[in-house]
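Remarks on the overall topology
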Amino acid sequence: RRLVVLVSGSGTNLQALLDEIAATGAEAYGAEVVAVGADREGIEGLARAERAGLPTFVCKVKDHPTREEWDAALAEAVAAHEPDLVVSAGFMKIVGKEFLARFGGRFVNTHPALLPSFPGAHGVRDALAYGAKVTGCTVHFVDDGVDTGPIIAQGVVEVRDEDDESALHERIKDVERRLLVEVVGLLARNGYRIEGRKVVIQ
Ligand code: GRF
């Protein structure tokens, strides 16, 4: 299976996938990363891809006259690598109709909270501010909402009294990286069906 991974930041989830595939072998894992895309230049996630010798592309919203044209350009850039599965690993843009028309049902995202709680760009901060005692991470298929698609897997992380946002996010990312690697491998090796809100991995 061919994976295209989309990043916007440090790319440690991407790195977890690359490390697992290097350690396990693409055959045994069931997938290989064929390209990495981003919505901005100069991020560690792109540097990690370049160090791994992978093709990269950057699709910036401000380079396009409309959001729809950015969405179509992103879909084109991804499609050029003929992915079986697209993985948003910290990609911080909401894709639109064109992208979902082409990749819906094979586009997964990882979110650092237990959806449906705390969706959006500040899930860790929101859980902390709310006083949640447990939070965690969610790997889900992307649909036309924000962090609302069918849930594939979740991991629970306790919130500690002394936590600030970055400490809690780091602890969540330890769980999230393992969850993402496990889920992507399962989807790639076993195949799956989406039935309403249920994801059935064969
Ligand atoms: C992850 O926790 C992801 O869920 C959130 O941003 C973080 C990205 O981390 N959207 P990285 O870029 O993979 O290190």
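Residues numbered from 1 in each chain as written. Predicted model: local features only at pLDDT ≥ 70, side-chain atom pairs only at ≥ 80, totals over all residues. Heavy atoms only, no water.

1. Side note on the sheet that holds strand E2 (residues 32-38)
To keep it simple, the criterion reads: Paired strands, in this sense, are two strands between which DSSP finds at least two bridges. Strands here mean DSSP runs of E at least two residues long; helices mean DSSP runs of H or I at least four residues long; both are numbered from the N terminus. Axis definition: a line fitted to C-alpha atoms, over the contacting stretch in the case of helices. Angles run 0 to 180 degrees between N-to-C directions. We call two residues in contact when some of their heavy atoms are within 4.5 Å.
Spatial strand order, E3-E2-E1-E4-E5-E6-E7: seven strands in an open sheet with mixed pairing. The outermost strands of the open sheet, each flanked by one partner alone, are strand E3 (56-58) and strand E7 (151-158). For this sheet the average axis-to-axis angle between neighbouring strands, irrespective of direction, equals 20°. Of the strands in this sheet, strand E1 (2-7), strand E4 (85-88), strand E5 (107-111), strand E6 (134-141) and E7 are in contact with helix H7 (residues 165-190), which crosses E7 at around 155°.

2. As for the UniProt feature "domain: Formyl transferase N-terminal" (unreviewed entry) in the protein chain
Keep this limit in mind: UniProt positions are given in the numbering used here, feature names are shortened, and annotations may be inferred rather than shown by experiment.
Taken from the UniProt record, the annotation "domain: Formyl transferase N-terminal" (unreviewed entry) applies to residues 2-184. Taken end to end, residues 2-184 comprises 40% helix and 22% strand; its first and last C-alpha atoms sit 11 Å apart.

3. A short note on the pattern of salt bridges
Quick reminder of the rule: Whenever Lys or Arg places a side-chain nitrogen within 4 Å of a carboxyl oxygen from Asp or Glu, that contact is recorded as a salt bridge. Accessibility here uses a 1.4 Å probe with only protein chains present; expressed as a share of the type maximum, an area under 20% marks a residue as buried, one over 50% as exposed, and anything in between as partly exposed.
What the rule picks out here adds up to 10 salt bridges. A salt bridge links Arg 171 to Asp 163, with the nearest nitrogen and oxygen atoms 2.6 Å apart. Close ionic contact of Arg 177 with Asp 174 constitutes a salt bridge, the shortest N to O distance being 2.9 Å. Taken together, the residues span about one helical turn, with Arg 177 and Asp 174 both in helix H7 at a distance of three residues. Residue Arg 177 is classed as buried on the basis of its relative accessible area, which comes to 18%. Among the residues examined, Asp 174 registers a relative accessible area of 40% and is labelled partly exposed. Salt bridges sharing partners connect three or more residues here, namely Asp 39, Arg 40 and Lys 93.

4. A few points about the site of the ligand
Put simply, the test is: Being near a molecule or strand, for a residue, comes down to having at least one heavy atom within 4 Å of it. What qualifies as a polar contact is a pair of N or O atoms within 3.5 Å, subject to a donor-acceptor requirement within protein and to the restriction that residues adjacent in sequence count only when both atoms come from side chains. Areas reported here follow the Shrake-Rupley algorithm with a probe of radius 1.4 Å; residue values treat only the protein chains shown as occluding. In this classification, Asp, Glu, Lys and Arg are treated as charged, Ala, Val, Leu, Ile, Met, Phe, Trp, Tyr, Cys and Pro as nonpolar, and every other residue, Gly included, as polar.
With respect to spatial proximity, 14 residues lie near the ligand, and among them Ser 10, Gly 11, Thr 12, His 169 and Glu 176 are the closest. Interatomic distance of 2.9 Å between a side-chain N/O atom of Lys 173 and an oxygen atom of the ligand. For the ligand, the accessible surface in isolation is 370 Å², of which the surrounding protein chains cover 91%. Considering each element in turn, the shell around the ligand owes the most residues, three residues, to H7. Across the shell around the ligand, the residue classes tally to three nonpolar, nine polar and two charged.

5. Re helix H6 (residues 123-130)
Using the following cut-off: By construction, the arc corresponds to the directions joining the helix axis to the C-beta atoms.
Those residues of H6 that sit buried are Gly 123, Val 124 and Ala 127. In an axial view of H6, the angular spread of the buried residues amounts to 100°, which keeps them on one side of the axis. Those residues of H6 hidden inside the fold are in contact with E5, E6 and H7. Backbone geometry just downstream of H6 places Gly 131 in the positive-phi region, at approximately 90°.

6. Examining unusual backbone geometry
Omega for the bond connecting Leu 115 with Pro 116 falls within 30 degrees of zero, at 10°, which places this linkage in the cis form. Here Pro 116 lies in the loop between E5 and H6. Positive phi is not limited to glycine here, since Phe 118 has a value of about 55°. Inspection of the secondary structure puts Phe 118 in the loop between E5 and H6. The exposure class assigned to Phe 118 is buried, which follows from its relative accessible area of 18%.

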